[in-house]
Amino acid sequence: MKHILTTALLAASLVLSGCGKKNADGSSKKEDTIALQNIGSDTMVNLAQAWAEAYHNVEPKVSVEVSGGGSGIGVAALINGTCDIANSSRKLEKEEEEKATAKYGGKHPVEHHIGYDALAIYVHPSNPITEISIEQLAEIYKEGGKFNKWSDLGITMPSGQDEIVRASRQNNSGTYHYFREAVVGKKNDFKQGSRDMNGSKEVVDLVATTPSAIGFSGIGYRTDKVKVIKVAKKTGEPGIEPSIKTTLDKTYPIARPMFMYVPPTAKPEAEKYIAWIVSEPGQKIVIKEGYVPLDAFAPKDAK
Amino acid sequence: MTSSRSALSIYGEKAIEWLIRICGVSAIIFVFAIFFFVFREGAPFLADEKFSLWKFLTSTEWYPTSMSNIRYGTFALIAGTLSVTGVAMLIAVPFGLGAAIFVSEFCTGKLREFLKVIIELLAAIPSIVWGFIGLTVMNPVIQTVFHVQVGLNVLNAAILLALMSIPVMVSIGEDALKAVPDSYREAAIALGATRWQLIWRALLPAAKNGLLAAVLLGVGRAVGETMAVLMATGHAVNVPHSIFDSVRTLTATIAAELGEASEGSPHYRVLFLIGILLFTITFIVNLVADFVVKGIKNK
């Protein structure tokens, strides 16, 4: 859904930029803008948009056109050669890397690590739960898992609605893949019947409007209408709050690196753009948008 | 006078005749081209030894991207599509045909023109906007009115689909009623029939075929709708037990997953098989309609 929305936006922006060009043709010819297509991860789309806007002031000639849809969409675009930069909240799978390399005549796409995202576990503010362990999450989400009711976790819901409403993601999402790997288990599958939302924001929205729901999404999507709970590696261990510090020192158990992939045939502006992203100004935006920056750029007083 | 027609106008007419003929035939070409394309993409997988058609149709387990145990069961998706369409029709048929009767038989002058414009406006609302309404307006309404956990469910999507198919039903149904000759109405009134008797005994039987066509077009609209149901059903693979359960439809599955499935992969082929399945469902609906219409005619 987000994908289609962003495509529509993209179409609109193309029309607008088309108009802009006409003006430029009329007045001054030298201002030829270079458009970079930046497609992929829904987790990263807010960040990518913020970067694109900020970069416009740094390099007015380059316009970065961002669209989401999911890491799978980004990777597909990389393999099909329809983007300049692919965003992905998971590493390229071996098979995908091979396909992409074959597409570019033996040249590998370039991987850039551009920050981290802590995967937050969201519940409704009225839910009394304060922390959860990876094992408990697995029992809730995996096929054959034992926990279907909040009372199974020892939680009494004030609303009286005991059934756990699971919010998940569509299966081309990088977040979905990461959650399967880190929580559900690579060998396992998700329990069927979860609400598979088409975007990180939709997951948070569903949790915000459903008292008995639980969901996972990047910490960048946190709002006042949902509660982020602590996550423990094992039942009995203390829960860890997702933050810049706990992500970087790896105590928060479900955080992952975010990547940008550049096809070897991309315009040189793409590499320049990413060089800016992994520099001070780019990484400041990472923090501002609620994600976790690269280790070197973490604020000293980070909690 | 005919002899004075110029060569140009004769050939011009021939050319236009051909143009129109091509337009007519093009519909057939397009339908077959689409058939061919969808079958070409989906059918090879039918022969795959790992694929079982029985499981495809009867298993409720849809795990197309599993790392350990890939399963392609669409029963839950079929149940999702049918439940949403069925409930939508329960709402839409009485409202749609009622509105058609009202517009055609009871309304006159300005009110009628006004109503027709409004109903056409209803048809012009893009489906994504309907989906948005389902997500942001209907969801909390259903939650508070029915005290259910999630408002994104069969009922939500069915109401949206009903509202989307009603305009189709009204305009086709109204045409069907208008096509009944006035002599029927005059005869019925002359026999002393009340308005109710006139509609129930004379007009509805006479317009039966057209009204059935109106309903079936509505069904077609509902089965094929994607965007609104993707947003409003909750998108959960689940065989519904009540109208408050979340479901996922066949169309929404294709929309959500085709973007990523790499071309030629089993997942991609299975999504095209779902396309064939959708084709089959609408084909059966149309066929049944044809038989029903013929059956009525023969009586």
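Quantities reported herein were computed from a predicted structural model and do not represent experimental measurements.

Our next topic: the overall build of chain B. Within chain B, the secondary structure is distributed over twelve helices and two strands. Mapped from its N terminus to its C terminus, chain B presents α and β elements in the order α-α-β-β-α-α-α-α-α-α-α-α-α-α. Contacts in chain B between residues far apart in sequence, at least 24 positions, make up 72% of those at least 6 positions apart.

Here we come to the overall build of chain A. Along its length, chain A carries ten helices and ten strands. A total of 303 residues make up chain A; the buried ones form 45% of that total.

Attention now moves to the domain arrangement of chain B. Residue and element names in this part refer to chain B. Splitting chain B by domain gives domain 1 (7-47) and domain 2 (75-298). Just the C-alpha atoms count here: the centres of domain 1 and domain 2 sit 29 Å apart. Each partner contributes residues to the interface: domain 1 has six residues there, and domain 2 has eight residues. Taken together, the residues that form the side of domain 1 that touches domain 2 break down as four nonpolar, one polar and one charged.

Below, the discussion takes up the nonpolar core. Buried together is how nonpolar side chains tend to be arranged in soluble globular proteins. A158, L161 and M169 of chain B are the most contacted members of the largest nonpolar core, which totals 142 residues. Here this core takes 16 residues from helix 6 (residues 154-178) of chain B, the largest share from any one element.

For helix 11 (residues 250-257) of chain B, the buried fraction is high: eight of the eight residues fall into the buried class. Within the sequence span of helix 11 of chain B, burial applies to L250, T251, A252, T253, I254, A255, A256 and E257 of chain B.

Taken together, the contacts link 27 residues of chain A with 26 residues of chain B. Looking at the side of chain A that touches chain B, the elements that each hand over two or more residues are helix 3 (71-80) and strand 7 (195-197) of chain A. It is helix 3 of chain A that provides the largest number of residues to the side of chain A that touches chain B, a total of four residues. Of the residues that constitute the side of chain A that touches chain B, the class distribution is six nonpolar, 15 polar and six charged.

Quick look at the packing of helix 6 of chain B against helix 9 (residues 208-224) of chain B now. Axis angle and axis distance: for two packed helices, these are the angle between their axes and the distance between the axes, and together they describe the pair. Residue and element names in this part refer to chain B. As a packed pair, helix 6 and helix 9 sit with axes 8 Å apart at the nearest point and diverge in direction by 155°. Viewed along their axes, helix 6 and helix 9 adopt a mutual orientation that is roughly antiparallel. Seen along the crossing, helix 6 lies across helix 9 with a hand that is right-handed. Residue-level inspection shows L161, M164, S165, V168, M169, I172, G173, D175 and A176 of helix 6 in contact with helix 9, the latter providing G210, L211, A213, A214, V215, L217, G218, R221 and A222. Each residue belonging to the contact of helix 6 with helix 9 can be placed in one class, and the counts come to twelve nonpolar, four polar and two charged.

A separate point is the confidence of the model for chain B. Residue and element names in this part refer to chain B. Per-residue confidence for chain B gives a mean pLDDT of 89; residues scoring 70 or more make up 97%. By mean pLDDT, helix 12 (residues 266-298) is the weakest element of chain B at 82, and helix 3 (residues 75-106) is the strongest at 94. Reported confidence for the predicted complex is 0.77 by ipTM and 0.80 by pTM.

Its identity is not glycine, yet K250 of chain A carries a phi of approximately 65°, on the positive side. The phi dihedral of H147 of chain B is positive, around 50°, even though this residue is not glycine. Examined against the element boundaries, H147 of chain B turns out to sit in the loop between helix 5 (127-146) and helix 6.

Residue and element names in this part refer to chain B. If you trace the backbone, M169 turns up in helix 6. In the structure, M169 is positioned 45 residues away from A214 in sequence and 4.7 Å away in space, judged by C-alpha atoms. Sequence-distant contacts of M169, defined by excluding residues within four places in its chain, comprise A92, G96, L97, A100, A214, V215 and G218.

Attention now goes to the pairing of strand 8 (residues 213-218) of chain A. Residue and element names in this part refer to chain A. The buried count for strand 8 comes to six of six residues, which makes it a mostly enclosed element. Relative to strand 8, strand 4 (residues 110-123) runs antiparallel, the two being bridged by five bridges. Across the sheet, the residue bridging to A120 is S217, located in strand 8. Summarising the sheet, strand 6 (residues 165-169) and strand 8 pair through three bridges and their orientation is parallel. Following the sheet pairing, V165 is matched in strand 8 by A213.

The predicted coordinates ought not to be read in detail in places where the model reports low pLDDT. When the pLDDT values of chain A are averaged, the result is 86; 89% of them are 70 or greater. Low confidence marks residues 4-30 of chain A, where pLDDT is under 50. Its contacts with residues over four positions away, or in another chain, come to ten contacts.

To continue, consider the environment of V148 of chain B. Structurally, V148 of chain B is set in the loop between helix 5 and helix 6. Taking the C-alpha atoms as reference, V148 of chain B lies 31 Å from S66 of chain B; in sequence the two are 82 residues apart.

Attention shifts here to the pairing of strand 4 of chain A. Residue and element names in this part refer to chain A. Strand 4 sits mainly inside the fold: ten of its 14 residues count as buried. Note: strand 4 against strand 10 (residues 255-262), eight bridges, orientation antiparallel. Residue pairing in the sheet places D117 in a bridge with R256 of strand 10. In terms of strand pairing, strand 4 meets strand 9 (residues 227-232) through three bridges, oriented antiparallel. Following the sheet pairing, Y122 is matched in strand 9 by V228.

Our next topic: the environment of L119 of chain A. All names here are of chain A. Relative to the assigned elements, L119 resides in strand 4. The class for L119 is buried, based on 24 C-beta atoms found within 10 Å. Considered as a pair, L119 and S159 are 40 residues apart in the sequence and their alpha carbons are 26 Å apart. Excluding its chain neighbours within four sequence positions, the residues that come into contact with L119 are T175, Y178, F179, F216, G218, I254, A255 and R256.

Calculation rules
- Position labels on residues start from 1 in each chain and follow its written sequence.
- By the order in which they are written, chains take letters starting at A while ligands take numbers starting at 1.
- Per-residue local features are limited, in this predicted model, to residues with pLDDT of at least 70; the limit for side-chain atom pairs, both in listing and counting, is 80 or more; totals at the level of whole chains, interfaces and linings are taken over all residues.
- Labels follow the DSSP assignment, with helices taken as runs of H or I lasting at least four residues and strands as runs of E lasting at least two, numbered in each case from the N terminus.
- Note that contacts rest on C-beta atoms placed from the backbone: two residues are in contact if these are within 7 Å.
- Each residue is classed by its C-beta neighbour count within 10 Å, where at least 20 other C-beta atoms makes it buried, 12 or fewer makes it exposed, and intermediate counts make it partly exposed; the C-beta atoms are placed from backbone geometry.
- Start and end points for every domain follow an automatic or database-based domain assignment.
- Ten residue types, Ala, Val, Leu, Ile, Met, Phe, Trp, Tyr, Cys and Pro, are classed as nonpolar, four, Asp, Glu, Lys and Arg, as charged, and the remainder, Gly among them, as polar.
- Working definition: the nonpolar core is a set of buried Ala, Val, Leu, Ile, Met, Phe, Trp, Tyr and Cys residues, joined through C-beta atoms within 7 Å.
- As a rule, the C-alpha atoms of each element are fitted with a line to give its axis, helices using only the stretch in contact, and angles between N-to-C directions run from 0 to 180 degrees.
- Each angle receives one of four descriptions, namely roughly parallel if under 35 degrees, roughly antiparallel if over 145, roughly perpendicular if within 65 to 115, and oblique otherwise.
- The handedness criterion is simple: a crossing whose near helix is rotated anticlockwise from the far helix by less than a right angle is left-handed, and one whose near helix is rotated clockwise is right-handed.
- Each residue carries a pLDDT score, the predictor's own confidence in it, on a scale running from 0 to 100.
- At least two DSSP bridges between two strands are required for those strands to pair.

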